[in-house]
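Chains, contacts and geometry: an overview
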Amino acid sequence: MLNRFGWKNGLAALVLSALSSVALAQAAKPHVVVLATGGTIAGAGASAANSATYSAAKVPVDKLLAGLPELGQVARVSGEQVFQIASESFTNDHLLTLARRVSALSKQADVNGIVVTHGTDTLEETAYFLNLVVRTSKPIVVVGSMRPGTALSADGALNLYDAVSVAASQDAAGKGVLVTMNDEIQSGRDVSKSINIKTEAFKSQWGPLGMVVEGRNYWFRAPVKRHTNASEFNIDEIQSLPAVDIVYGYSNMNTTGIEAYGKAGVKALIHAGTGNGSVAAQAVPALRAVRASGVQVIRAARVPDGFVLRNAEQPDDQYDWVVSHDLRPQKARILAMVALTKAQDAKSLQRIFWEY
Ligand code: DGL
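Because the structure is a prediction, the values reported are computed rather than measured. (Residues numbered from 1 in each chain as written. Predicted model: local features only at pLDDT ≥ 70, side-chain atom pairs only at ≥ 80, totals over all residues. Heavy atoms only, no water.)

Quick notes on the UniProt feature "domain: L-asparaginase N-terminal" (unreviewed entry) in the protein chain
Cut-off, in case you're wondering: UniProt positions are given in the numbering used here, feature names are shortened, and annotations may be inferred rather than shown by experiment. Starting at the N terminus, helices and strands are each numbered in turn, a helix being any DSSP run of H or I of at least four residues and a strand any DSSP run of E of at least two.
Under the feature "domain: L-asparaginase N-terminal" (unreviewed entry), the UniProt entry names residues 31–222. For residues 31–222, the end-to-end C-alpha separation is 24 Å, with 23% helix and 24% strand making up the annotated structure.

In structure tokens:
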């Protein structure tokens, strides 16, 4: 029979071995780093009934992660608070800082995947920027929420669980930057916030890449445009981003905005035209003058889906203009800024808009 000390030592050894096997199992899980930047996923409202009235960028990353112990089922998770802002206030400096941190982490052998929590307003721009400039095949997943965690039927917890689960998945590698919202796995290039008050807000006209359900990914297509390791751009070689702005086309539009941006010294001007990127007759001379002053002109469309046809609504070859392909104006701006760090002529820019 075990003596008084024997059975205690035996029990202690049993508990220790059980704990060490749990610790070993956890240590064996993929390591996912969550970079928090703010937004509604870190938001808080006055009451559970406030699903749309709340303050964004309030909850720190350690509290976000502590409130979701289920994350430990899919990965070993660590968190960093990069910013704590509403995403409509993102600047180019925020983009550069975040991309540099993502790039540095992606080079670490002990990091298997990266999640970026982000406000939904400009999430699509950040996701596309990372898709263009971070050289890695490791999963990078950007995630947000439409309701704060304090609201009834909040969507942030499951969106974050899905994001960490996808970032921990080997089958998510090499697919470019991804966005997980509302059970869908979207391409960071294609997706945009298309509804401003529903949890099903994020759409791509080409559809999601797949779905994530109960921690398992179901893939249905893969990106064909260049991204991450296949990109010619590299955040580690980008010191700053050039000024690129957007003017909106509409009935009875005037040229004040076009002329002002031309004088302000932008390097490219995105024209979000009506229809298939149409330009009002009264605006064509102003855009041609801006082009003649050295500013690149990129014809996009205010119509969210479809793609702008070159030389259709306007003689782009003759005017030396670029068309944005299927990119919405805000995405075209991101690509134009990145492209201008390497290309200076319209022909090279157009190649980049076809390929990315
Ligand atoms: N202010 C908005 C933002 O940070 C809130 C929207 C959200 O995060 O869902 O993008």
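Quick notes on the site of the ligand
We apply this condition: One heavy atom suffices: a residue is near a molecule or strand as soon as one of its heavy atoms comes within 4 Å of it. Counting of polar contacts relies on pairs of N or O atoms within 3.5 Å, with two restrictions inside protein: one atom must be capable of donating a hydrogen and the other of accepting it, and residues adjacent in sequence are counted only when both atoms are side-chain atoms. Methods summary: accessible areas were calculated by the Shrake-Rupley approach with a probe of 1.4 Å, and residue burial reflects only the protein chains presented.
Taken together, Gly39, Thr40, Tyr54, Ala86, Ser87, Glu88, Gly119, Thr120, Asp121 and Ser145 form the complete shell of residues around the ligand. In the model, a nitrogen atom of the ligand is placed 2.7 Å from a nitrogen or oxygen of the Glu88 side chain. Asp121 places a main-chain nitrogen or oxygen 2.9 Å from an oxygen atom of the ligand. Coverage of the ligand by the protein chains reaches 91% of its 290 Å² of free accessible surface.

Regarding the nonpolar core
Rules: Only buried Ala, Val, Leu, Ile, Met, Phe, Trp, Tyr and Cys residues count toward a nonpolar core, and they belong to the same one when joined by side-chain atoms within 4.5 Å. Under the scheme applied here, a residue whose accessible area is under 20% of the maximum for its type counts as buried, over 50% as exposed, and between as partly exposed, the area being computed with a 1.4 Å probe on protein chains only. By definition in these notes, contact holds between two residues if any of their heavy atoms fall within 4.5 Å.
Within the largest apolar cluster, 81 residues are counted, with the highest numbers of intra-cluster contacts made by Val102, Val115, Phe129, Leu130, Val133 and Val164. Once you skip the residues sitting within four places of it in the chain, Val133 turns out to touch Ala99, Phe233, Asn234, Ile235, Ile238 and Val338. Val247, Leu287, Val297 and Trp321 belong to the second-largest nonpolar core, a separate cluster that totals 15 residues.

Concerning the packing of helix α3 (residues 92–106) against helix α4 (residues 123–133)
In plain terms, the rule: What counts as an axis is a line fitted to C-alpha atoms, over the stretch in contact for a helix, and the angles between N-to-C directions run from 0 to 180 degrees. Put simply, angles under 35 degrees are roughly parallel, angles over 145 are roughly antiparallel, angles from 65 to 115 are roughly perpendicular, and the rest are oblique. Should the near helix be turned anticlockwise from the far one by less than a right angle, the crossing is termed left-handed; should it be turned clockwise, right-handed.
Closest axis-to-axis distance for the α3/α4 pair is 10 Å, and the angle between their directions is 50°. Comparing the axis directions of α3 and α4 gives the class oblique. Once α3 is placed against α4, the crossing between them reads as right-handed. Residues Leu95, Leu96, Leu98, Ala99 and Val102 of α3 form the contact with α4, whose participating residues are Thr126, Phe129, Leu130 and Val133.

Side note on α3
Spelled out, the test is: One less than the number of residues in a helix, times 1.5 Å, gives the span that helix is expected to have.
Look at α3: 21 Å from first C-alpha to last across 15 residues, which is about the 21 Å you get at 1.5 Å a residue. When α3 is considered as a whole, its buried residues turn out to be Asn92, His94, Leu95, Leu96, Leu98, Ala99, Val102, Ser103, Leu105 and Ser106. Buried residues in α3 make contact with β1 (31–38), β2 (76–85), β3 (113–117), α4, β4 (140–143) and α9 (329–339).

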